[in-house]
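# Residue-level structure breakdown
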Amino acid sequence: MITTPVTESLLHGHLDVEHTGRGLIPHRLPADARRRIPDEQLAIAESQPSGVRLAFRTRATTLALHAVPTKRAYPGVPDLPDGVYDLRVDGRPAGRATVPGGNLRTVDLATGRTTLTQGPPGTAHFTDLPAGDKSVEIWLPHTETTELIALDSDAPITPVAAATRNRWLHHGSSISHGSNAERPTGTWPALAALAAGLDLTNLGFGGSALLDPFTARVMRDTPADVISVKIGINLVNVDVMRLRAFVPAVHGFLDTIRDGHPTTPLLVVSPLLCPLQEHTPGPLAPDFSSGTLRFRATGEPGGGRLTLSLVREELARIVEARVAEGDPHLHHLDGRRLYGEADCEEFPLPDGLHPSAETHRVIGARFARLAFAGGGPLAV
C-alpha cells in the first residue's frame, strides 16, 4: 500500500485548512472570518465539512482513509450514528464507510456548554473499487469535524485540479448544513448539486445563518458562477433582531455579496414551512417532554418580532425593490415551494424544526428543478 498524506490539493468544497500535528482540518470559513466568530456554535458548525470532499484520480481498487472525527452527544438524546464517508467513482455512488473512535463533543442543549473528550484516530476502508483509471471522490461526514491524516491506496493517486464545473456557492441554516440527512451526499444542497452537475461550496451553518457581515464578505470574495442565500429561520429561532434591524441587514448582506459578484445570478430563498414559527417568534427552547428532542417557540408576537411569515413577506418585497432599482440578476424563491403545507402532512418534521432524510431528497430534487433547470434563475 502507498501512503499519501492528505494535503489541501486533494480537497474540494472547503475555503481553508488548519494544519495540525497529524494532518489538517478542513474549514468552511477562512481564518480571518473565524476570528470574528462570536460563539462556539458557529465555530463548531463551520468546521464540520458539509459538502467537502477529497477528489483524485487513481487506478487503486483499495483505499483506507485515516482520520480523527469529532462526534457529538447530547445528554437526554439517543446516541447519534457515526458519520458517513461517501465514496463516488466516476460520478456514481460506490460505497460508504464510517470511522470508529475519534473525539467526542458533549453538548448540553439547555445551557449550550460543551465538553470535548479526546480519542484515537480511526480508518474508513473502501475495497473492490472498479479496475482501471478513474475519478474518485470521498465526501466527508457533514456533521463531524474531521482531522484528515493520510490516505492508503494500492496504486498512486493524483489530485484533481481546480473545478471545471460551474461553481455554486450557497449559504443557509442547519437545513442547508444537513441536519437529519443520513449521509453527506444526502443533504439537500449536495443532492441538488449532483443532480445539476455543479461544484458545490456549502456555507450552511447549523443555527448560524444570522446575516453575519463576515459571512457576506466571505461570499463576496469566493469565486462562484451562481449564488443562493437561504435567509430567515435562524433569525426567528434565536430572536436575534426585530423588523427594523432585519430589513437593512438583508440589504447590507446582499450589498456586500454584490460588491464581489455584481452580475452573478443570485437567488434569495425564504424559509421553508415550519408550523412551529410561522406566526410565533423565538427564541426556541429544547423540549424533552415527549421522551425525545423536540423544540418549542417561546416568544410573544408583536413589537416587530420576526416570524417566518413576516420574513417571507419582507424578503419578497426587498428582492422586488432591488430588481426594480437595477439588479436583474437577483431572484426570489418562496421556500414553501420546496417544503409547504402538503409536504408537512406527508413528511412531518421529526423534531418540529428539521426535515427528515427523506425530505432532504424531496427538497434537493425540487431545488434542482426550480433553480437549475432550463429557465430557472440559476440555470447556467
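This text goes with the structure placed above it.
To keep things clear, this report deals only with the structure shown in the data block.

### As for the overall build of the protein
Per the secondary structure count, the protein includes 10 helices and 21 strands. Along the first, second and third principal axes, the C-alpha atoms of the protein reach 65 × 50 × 40 Å. Burial analysis of the protein (380 residues in total) assigns 57% to the buried set. The contacts of the protein with a sequence gap of at least 6 include a subset with a gap of at least 24, amounting to 77%. With the model as given, the accessible surface of the protein reaches about 15,600 Å², and the carbon-plus-sulfur share is 51%.

### As for the packing of helix α5 (residues 213-221) against helix α7 (residues 243-260)
Contact geometry of α5 with α7 gives a least axis separation of 7 Å together with a crossing angle of 20°. Regarding the angle of α5 to α7, the classification is roughly parallel. Crossing of α5 against α7: the hand is right-handed. Residues Thr215, Ala216, Arg217, Met219 and Arg220 of α5 form the contact with α7, whose participating residues are Phe253, Thr256, Ile257, Asp259 and Gly260.

### Side note on the pairing of strand β7 (residues 85-89)
By the criterion of burial, β7 is predominantly enclosed, with five of the five residues buried. Of the two faces of β7, the one lined by Tyr85, Leu87 and Val89 and the one lined by Asp86 and Arg88 are each fully buried. Pairing of β7 with strand β8 (residues 92-97) involves five bridges; the strand directions are antiparallel. Across the sheet, Leu87 pairs through a bridge with Gly95, a residue of β8. Sheet analysis places β7 next to strand β12 (residues 134-139), joined by four bridges and oriented antiparallel. Each residue of the ladder has a partner; that of Leu87, found in β12, is Ile138.

### A look at the sheet that holds strand β18 (residues 266-269)
The pairing of strands in a sheet happens through backbone hydrogen bonds and is either parallel or antiparallel. One open sheet accounts for five strands, arranged β16-β15-β17-β18-β21; its pairing is parallel. At either margin of the open sheet sits one strand with a lone partner, and together these are β16 (199-204) and β21 (330-333). Recorded for the sheet is a direction-independent mean angle of 15° between the axes of neighbouring strands. Direction of pairing for β18 relative to β21: parallel, over a ladder of four bridges. Counterpart to Val268 in the pairing with β21 is His332.

### Regarding the state of the cysteines
Inspection of the entire model under this criterion finds zero disulfides. No disulfide involves Cys274; its sulfur sits 7.9 Å from the nearest other cysteine sulfur, which is in Cys344. Under the relative-accessibility criterion, Cys274 is labelled buried at 2%. By relative accessible area, which is 19% here, Cys344 ends up buried.

Procedures and definitions
- Here the residue numbering is sequential within each chain, running from 1 through the sequence in written order.
- For this predicted model, a pLDDT threshold of at least 70 governs which residues receive local features, and a threshold of 80 or more governs which side-chain atom pairs are given and counted, while totals over whole chains, interfaces and linings are taken from all residues.
- Side-chain metrics in this entry use all non-hydrogen atoms of the structure; hydrogen atoms and water are not considered.
- Secondary structure elements follow DSSP: runs of H or I of four or more residues count as helices, runs of E of two or more count as strands, with numbering from the N terminus.
- Classification of residues uses two cut-offs on accessible area relative to the type maximum, computed with a 1.4 Å probe and protein chains only: under 20% is buried, over 50% is exposed, and between them is partly exposed.
- When checking whether two residues touch, look at their non-hydrogen atoms; a contact exists if any pair is within 4.5 Å.
- For every accessible area listed, the method is Shrake-Rupley and the probe measures 1.4 Å; residues are considered covered only by the protein chains on display.
- An axis is simply a line fitted to the C-alpha atoms; with a helix, the fit covers only the stretch in contact. Between two such axes, the angle follows the N-to-C directions and lies from 0 to 180 degrees.
- Here the angle decides the label: under 35 degrees means roughly parallel, over 145 means roughly antiparallel, 65 to 115 means roughly perpendicular, and every other value means oblique.
- Left-handed describes a crossing whose near helix is turned anticlockwise from the far helix through less than a right angle; right-handed describes the clockwise counterpart.
- Two strands qualify as a pair provided DSSP detects at least 2 bridges between them.
- For the purposes of this analysis, a disulfide is any pair of cysteine sulfur atoms at a distance within 2.5 Å.

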